[in-house]
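The primary structure of each chain is shown beneath.
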Amino acid sequence: MKEISFFRTNILPLKNELFRLALRITLNRADAEDVVQETMLKVWNRREQWSDLDSVEAFCLTICRNVALDKMKRADNQNASLEEGGGYERVDRSYAANPEEQAVQRDRVELVRKLVSQLPEKQRTCMQLRDMEGKAYKDIAQVMGITEQQVKVNIFRARQAIKQKFLQIEQHGL
């Protein structure tokens, strides 16, 4: 009974965060939902380890990442693009932005989304955890099983790659 209470209080509230991570890796809403469900089962089945954890969140994110990567390997779906309406579109809907500006901004957001989806998995995941989830480098390193320095390098390279490709496309329309 104590375990159920702990699960409801500490693990179940992480489901949205787990979904966002799974979606960034799988690039598919249905697959991400499956990954979250499988993650929850795996976390529950490892409940004897909960008392030894420094961070329940990092533990859950690590399992989620591993489950999502396993699913990707099985599906051999590394080059899929992000689903439409994945919840990450941040278009200015204020009255100050006219329809033309909104369309340009929407196109840019879609271009960045496409460029992010083309990044190598490690860079994409590090960037998502840092820039979209607001995780600390230490937490990302723990989730990814790499050093903090490697996290910083992956994020730097991801940002540089996106910036270069974005500028190239904006300037030359390639």
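Predicted model, so just to flag it, every value in this text is computed and none were measured.

Each value, and the rule that gives it
Residues numbered from 1 in each chain as written. Predicted model: local features only at pLDDT ≥ 70, side-chain atom pairs only at ≥ 80, totals over all residues. Heavy atoms only, no water. Axes fitted to C-alpha atoms, helices over the stretch in contact; angles between N-to-C directions. Helix = DSSP H or I, 4+ residues; strand = E, 2+ residues; numbered from the N terminus. Parallel < 35°, antiparallel > 145°, perpendicular 65-115°, else oblique. Left-handed = near helix turned anticlockwise from the far one by under 90°. Contact = heavy atoms within 4.5 Å. Phe/Tyr/Trp six-rings, centres within 6.5 Å; stacked < 30°, edge-to-face > 60°. Buried < 20%, exposed > 50% of the residue type's maximum accessible area, 1.4 Å probe, protein only. Lys NZ or Arg CZ within 6 Å of the ring centre and 35° of its normal. Salt bridge = Lys/Arg side-chain N within 4 Å of Asp/Glu carboxyl O. Disulfide = S-S within 2.5 Å.

Considerations on the packing of helix 5 (residues 99-117) against helix 8 (residues 148-172)
Packing of helix 5 against helix 8 leaves a shortest axis separation of 10 Å and a crossing angle of 135 degrees. Considered as vectors, helix 5 and helix 8 are oriented oblique to each other. Judged by the sense of rotation from one axis to the other, the crossing of helix 5 with helix 8 is right-handed. Of helix 8, the residues touching helix 5 (which contributes R108, L111, V112, L115 and V116) are I162, K165, F166, I169 and E170.

Some remarks on the environment of R124
Summarising the element assignment, R124 is placed in helix 6 (residues 121-132). When the C-alpha positions of R124 and N154 are compared, they lie 8.4 Å apart, and in sequence the two are 30 residues distant. Discounting residues that sit within four places of it in the chain, R124 has contacts with R24, I25, V116, S117 and L119.

Things to note about the packing of aromatic side chains
Inspection of every chain in the model, using the stated rule, returns 4 aromatic pairs. Ring centres of W44 and W50 lie 5.8 Å apart, and the angle between their planes is 65 degrees; on these two criteria the pair is classed as edge-to-face. W44 sits in the partly exposed class, given a relative accessible area of 26%. Within the aromatic cluster, the residues linked to one another by ring pairs are F6, F7, W44 and W50. The cationic tip of R130 hangs over the ring face of Y137; the distance from NZ or CZ to the ring centre is 4.1 Å.

A closer look at the pattern of salt bridges
Inspection of every chain in the model, using the stated rule, returns 8 salt bridges. Residues E57 and K135 are paired through a salt bridge, measuring 2.2 Å at the closest nitrogen-oxygen approach. On the criterion of sequence distance, the pair formed by E57 in helix 4 (residues 56-75) and K135 in the loop between helix 6 and helix 7 (137-144) is long-range, its members being 78 residues apart. A relative accessible area of 11% places K135 in the buried class. Among the charged side chains, a network of salt bridges with common partners joins E17, E57 and K135.

With respect to the state of the cysteines
Formally, a disulfide is one covalent bond, and it connects the sulfur atom of one cysteine to the sulfur atom of another. Per the counting criterion, the structure on display carries 0 disulfides. Here C64 is not cross-linked by a disulfide; its sulfur's nearest cysteine counterpart is in C60, at 9.0 Å. Classification of C64 as buried rests on a relative accessible area of 0%.

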